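# Chains, contacts and geometry: an overview
Chain by chain, the residues:
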Amino acid sequence: MNQNLLIAKVENKPGVLNRVASLFRRRNFNIESLNVGHSETPDVSRMTIAMDASQVDVKLVEANLYKLVNVIDVQDVSNHPNITRDLALIKVTANAEQRAEIANLVQLFRAKVVDVAAGSVIVEVTGTLDKVEALINLLRPMGVKEIVRTGQIAMLRGDGIGTRHTPGANGNKQSNNKEEERK
Amino acid sequence: MKKKGAQIFWECMVREGVEVVFGYPGGAIMPIHDAMLEFPVHHVLVRHEQGAAHMADGYARTSGKVGVAMATSGPGATNLVTGIGTAMMDSSPIVCVTGQVASEFIGGDAFQEMDVTGITLPITKHNFLITRADEIADVVREAFYIAKSGRPGPVLIDICKDAQVTETDFEYPEELSLPGYTPPVQAPTADLQRAAELIEAAERPVILAGHGVLMSDAMDELRFFAEKTQTPVAMTLLGLGGFPASHTLSLGMMGMHGEFYCNNAIQNADLLLAFGMRFDDRVTGKLDTYAPNAKKVHVEIDPSEVHKNVAVDVPLVGDLKTVLGELNTMIEPGDREEWIEEIAKWRIDTVKHDILSWPNDGQLYSTSVINHIWEETKGDRIVTTDVGQHQMWTAQYYQFERPHRLVTSGGAGTMGFGLPSAIGAWFAHPDKEIWTVVGDGGFQMTQAELATAMQEGANVKIAVINNHFLGMVRQWQEFFFEKRYVATPLHNPDFVKLAQAYDVPARRVTEPDEVLPAIEFAQKTPGPVLLDFWVEKEEIVYPMVPSGAALHDMLRRPEKPKTPLAE
Ligand SMILES: Cc1ncc(C[n+]2csc(CCOP(=O)(O)OP(=O)(O)O)c2C)c(N)n1
């Protein structure tokens, strides 16, 4: 899947997540995952939004995000050197002998077994989307009982900044212009 | 100094320049109403909260200020919803204030509790829930700023009852803290240059002037631009008045019921200059056949409108007045005589021509009634409309020379908008006579505001274009549903008696020769007046682009005049 990844910095105020979610629903923007959490700045939350590039126009998403008063900055990091991570907990059916097989797989993926119960184990895996999906696919035949995932988070390498497609948004920034990068 | 939340609220409202609010009381907003007495603000008691929102909207569109509507929690707030949505679709700056149950009860389904910020989230530019008195001052400032700046729009403030009565230290906030909100102003010079080059090279340019021209106060810049480059100007419904109707370069209204020659000019253009308009489906017709040979320049304050419906060659995101001001220093005088002459040849069956060719058969035609209102009021009144055929005829026949004269629900097409928006407009211009042209259907949706008009002595002249049908829907039934008139015939009350019951002077008009005396009667009688025009029942708004058709593919009046009309 060709993916678009947006990083949005938003004011940390009640209801902001709802505003973003409502916007996506209303404009019919289908997203793959949305992760939100604290950022380095106390009053600012950081969102990572993953979208299927063939389904959504990332420029339109970005421009619409700026319509929300609480959205401070949006960058498209899809085609920039970045680190992306997804974390999954996977509960797999496992009796005593299957456990060994799972342990092997888990090792190959540098994942971990974090819980062992009578009939199942929980596997924790962190990595890129592809890696997480690959492990899930290998575990499926053994009987996956539950999966929970954080959705992707992303950070650019070094001092890189992402693409800003929306000149004029939130104060006349020009696309990809380093000088005008906001704090 | 310590003050109660409700006092702080009014203190801040007064500092925002609020002189009048349109509202309706109820439990959750009583402390705010109560505190009002100490402040120089007039409260207009509406008869339904929808009316309050439309009045605030009409006030905003004609005053250049922010209109304010107030309601209580729960049903009071939800009654505002249609008015808020209407203001949202037309980018009208209003602030709606709603009471909310005390903060400790939120989420517990208390009496008249509803999630009003949730309900209005997608139809406001922004909204706030205030749970503490010390938030009020900041929020009121931010609300007014957000409503008015950038692309304007409605902002809602939901205030918990305890926040209204709690005492807190009051200090007026000098600074706004909106890190995510800086509206664009200026477009990049390189892009302006590209636009200037396209303009220079164009042989068949057309300006598409929208509501943005009025909202950014760019009338002078538009006129300078059009005259210097000799570019004809087509207007959207909400752009009417942004360029004088009588100007030789004016093409009038574009779109579904625009003039044929105007739409045809757009379709044949080699450059479209979209100034503060958003390529709504009502003005483009079928998208893949829209102005196929035209390059497009789009000046627009809202980046999310760029490329939304129509991909453009040069987007200029910024404030129209500023951008056009810049562009005006870069453009060269142009000569487009050939193009202008070509368009003139298409001016054969104009809507004006239509009414001149009406048979003199003693029938009362809506179009000539509205044309008479235009003539008798010298084309210089604020005119609000409801939604339907009469709205399109008003747009066609009332020739607007100046901005902020036509007040109409464009994006939402909200029936019931006409009367309350006229009352709101009157509060912006209490020395003027305001007209509202309404259909017999839509009028009944908010006719209770007759009481408000009477109670306030609003100088509002109501012209009911009474065709005993939900006319616009009937027209579609005639064209597209083989005249199956389901749910469109109206058995109306006697509007004259109805008005009289409200102490509003009224007259019925059934004959053509009664039209002028009736208009005169309305103008001479102080305060609200209702005229009930019993018009021909099955008139049609021509010309018309059927939905899904190309913009130039219009249904035209069957009996066509032979010669171009000298205008
Ligand atoms: C609130 C609302 N409900 C329904 C409609 C759909 N609608 C559009 S025009 C129209 C008919 C309006 O009839 P009337 O008010 O008599 O005006 P006319 O078209 O006859 O001039 C209707 C029902 C609407 N625009 N708004």
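No experiment lies behind these values; they were computed from the predicted model shown. (Residues numbered from 1 in each chain as written. Chains lettered and ligands numbered in written order. Predicted model: local features only at pLDDT ≥ 70, side-chain atom pairs only at ≥ 80, totals over all residues. Heavy atoms only, no water.)

In this section: the overall build of chain A. The helix and strand tally for chain A stands at five helices and nine strands. Scanning chain A from its N terminus toward the C terminus, one meets helices and strands in the order β-α-β-β-α-β-β-α-β-β-α-β-β-α. Considering only C-alpha atoms, chain A reaches an extent of 60 × 35 × 30 Å along its principal axes. Within the span of chain A, comprising 183 residues, buried residues form 46% of the whole. For chain A, the proportion of contacts with a sequence separation of at least 24, taken over those separated by at least 6, is 71%. Per element, the accessible surface of chain A, about 9500 Å² overall, is 48% carbon and sulfur. For chain A, the centre of its 24 positive side-chain charges and the centre of its 21 negative side-chain charges are spaced 3 Å apart. (Helix = DSSP H or I, 4+ residues; strand = E, 2+ residues; numbered from the N terminus. Buried < 20%, exposed > 50% of the residue type's maximum accessible area, 1.4 Å probe, protein only. Contact = heavy atoms within 4.5 Å. Areas by Shrake-Rupley, 256 points an atom, 1.4 Å probe, with all protein chains shown as cover. Lys, Arg positive; Asp, Glu negative; His and termini not counted. Charge placed at Lys NZ, Arg CZ, Asp CG, Glu CD.)

Before going further, it helps to spend a moment on the interface of chain B and chain A. A common way to state how big an interface is: give the accessible area lost once the parts meet. The interface is formed by 21 residues belonging to chain B together with 24 residues belonging to chain A. If you sort the residues of chain B by the area they bury against chain A, B:Leu121, B:Pro179 and B:Gly180 come out on top, with a joint share of 27%. For the pair chain B and chain A, the number of links is one salt bridge. For A:Lys67, the salt bridge identified is with B:Asp302, shortest N-O distance 2.5 Å. (Buried area = accessible area lost by both parts, 1.4 Å probe. Salt bridge = Lys/Arg side-chain N within 4 Å of Asp/Glu carboxyl O.)

With that settled, consider the sheet that holds strand E11 (residues 250-253) of chain B. Residues and elements named next belong to chain B. The strand order across the open sheet built from six strands is E11-E10-E9-E12-E13-E14, with neighbouring strands paired in parallel fashion. Unpaired on one side and paired on the other, E11 and strand E14 (314-317) mark the two borders of the sheet. Within this sheet the neighbouring strands show an average axis-to-axis angle of 15°, counted without direction. (Pairing = 2+ DSSP bridges. Axes fitted to C-alpha atoms, helices over the stretch in contact; angles between N-to-C directions.)

For the rest of this paragraph, the subject is helix H3 (residues 49-63) of chain B. Residues and elements named next belong to chain B. Between its terminal C-alpha atoms H3 stretches 21 Å, which fits the 21 Å expected from 15 residues at 1.5 Å a residue. Burial analysis of H3 places 14 of its 15 residues in the buried class, the great majority of the element. Immediately beyond the C-terminal end of H3, within one or two residues, lies Gly-64, with a positive phi of roughly 75°. (Expected span 1.5 Å × (residues − 1).)

Before going further, it helps to examine the pairing of strand E6 (residues 126-130) of chain B. Residues and elements named next belong to chain B. The buried fraction of E6 amounts to four of the five residues, a majority that puts the element mostly inside the structure. One ladder, built from five bridges, connects E6 with strand E7 (residues 155-160); its direction is parallel. Its bridge partner being in E7, Ile-130 is matched across the sheet by Ile-159. Note on the crossover from E6 through helix H6 (residues 136-148) to E7: the handedness is right-handed. (Right-handed = clockwise from strand over helix to strand, strands pointing away.)

Residue and element names in this part refer to chain B. Assignment of secondary structure puts His-247 in the loop between strand E10 (233-235) and E11. For His-247, a relative accessible area of 13% translates into the label buried. Filtering out sequence-adjacent residues up to four positions away, His-247 remains in contact with Arg-223 and Glu-227.

Right, let's get into the domain arrangement of chain B. All names here are of chain B. According to the domain assignment, chain B contains domain 1 (2-169), domain 2 (189-348) and domain 3 (358-534). With centres defined by C-alpha atoms, the gap from domain 1 to domain 2 works out at 37 Å. Facing seven residues of domain 1, the contacting portion of domain 2 comprises seven residues. Where domain 1 abuts domain 2, roughly 590 Å² becomes buried across the two surfaces, and 57% of that area is made up of carbon and sulfur atoms. At the boundary of domain 1 with domain 2, the tally comes to two salt bridges. (Domains from an automatic or database assignment.)

Let us now look at the packing of aromatic side chains. Residues and elements named next belong to chain B. Applying the stated criterion across every chain, the model contains 15 aromatic pairs over all chains. Residues Phe-443 and Phe-495 carry aromatic rings whose centres are separated by 5.5 Å and whose planes lie at 70° to one another, so their mutual orientation is edge-to-face. Residue Phe-443 is found in helix H19 (residues 440-443), and its partner Phe-495 is found in helix H22 (residues 495-501); the two are separated by 52 residues along the sequence. Given the relative accessible area of 0%, Phe-443 is considered buried. An aromatic cluster of at least three residues, connected via ring pairs, comprises Phe-22, Tyr-59, Trp-426 and Phe-427. (Phe/Tyr/Trp six-rings, centres within 6.5 Å; stacked < 30°, edge-to-face > 60°.)

A separate point is the nonpolar core. The tendency in soluble globular proteins is for nonpolar side chains to be buried side by side. All names here are of chain B. Of all hydrophobic cores here, the largest spans 64 residues; its most connected members are Ile-207, Leu-222, Phe-225, Phe-275, Leu-316 and Phe-533. Here this core gets five residues from one element, more than from any other, and that element is helix H8 (residues 189-201). Counting residues domain by domain, this core receives three or more from each of domain 2 (189-348) and domain 3 (358-534). Not counting the four nearest positions on each side in its chain, Leu-316 is found in contact with Ala-187, Asp-191, Leu-192, Ala-195, Val-297, His-298, Val-299, Glu-300 and Val-323. In this structure, Leu-80, Ala-453, Val-460 and Val-464 belong to the second largest nonpolar core, which totals 45 residues. (Core = buried A, V, L, I, M, F, W, Y, C linked by side-chain atoms within 4.5 Å.)

For the rest of this paragraph, the subject is the pattern of salt bridges. Residues and elements named next belong to chain B. As enumerated under the stated definition, the model contains 33 salt bridges over all chains in all. Across the salt bridge formed by Arg-151 and Glu-305, the nearest N and O atoms sit 2.8 Å from each other. Placement of the pair is Arg-151 in the loop between H6 and E7 and Glu-305 in the loop between strand E13 (295-300) and E14, with a sequence separation of 154 residues. By relative accessible area, which is 5% here, Glu-305 ends up buried.

Glancing now at the site of the ligand. All names here are of chain B. Not every one of the 17 residues close to the ligand is listed here, only the nearest: Gln-389, His-390, Gly-413, Gly-442 and Gly-471. The contact in question runs from an oxygen atom of the ligand to an N or O atom on the backbone of Gly-442, over 2.7 Å. One of the backbone N or O atoms of Gly-471 is found 2.8 Å from an oxygen atom in the ligand. When isolated, the ligand has an accessible area of 590 Å², and the protein chains bury 76% of it. Elements represented by at least two residues in the shell around the ligand include exactly helix H17 (389-397), H19 and helix H21 (471-480). Taken together, the residues that form the shell around the ligand break down as seven nonpolar, nine polar and one charged. (Near = heavy atom within 4 Å. Polar contact = N/O pair within 3.5 Å; in protein donor to acceptor, adjacent residues only side chain to side chain. Nonpolar A, V, L, I, M, F, W, Y, C, P; charged D, E, K, R; others polar.)

Note that the residue after B:Tyr542, namely B:Pro543, is joined by a cis bond; omega there is -15°. When you line up the elements, B:Pro543 lands in the segment after strand E20 (529-534). Although it is not a glycine, A:Arg110 adopts a positive phi angle of roughly 50°. Inspection of the secondary structure puts A:Arg110 in the loop between helix H3 (96-108) and strand E6 (112-116). Looking at A:Arg110, the relative accessible area reads 76%, which means it is exposed. One non-glycine residue with positive phi stands out, namely B:Glu482, at about 45°. With respect to the helices and strands, B:Glu482 occurs in the loop between H21 and H22. Owing to a relative accessible area of 63%, B:Glu482 belongs among the exposed residues under this scheme.

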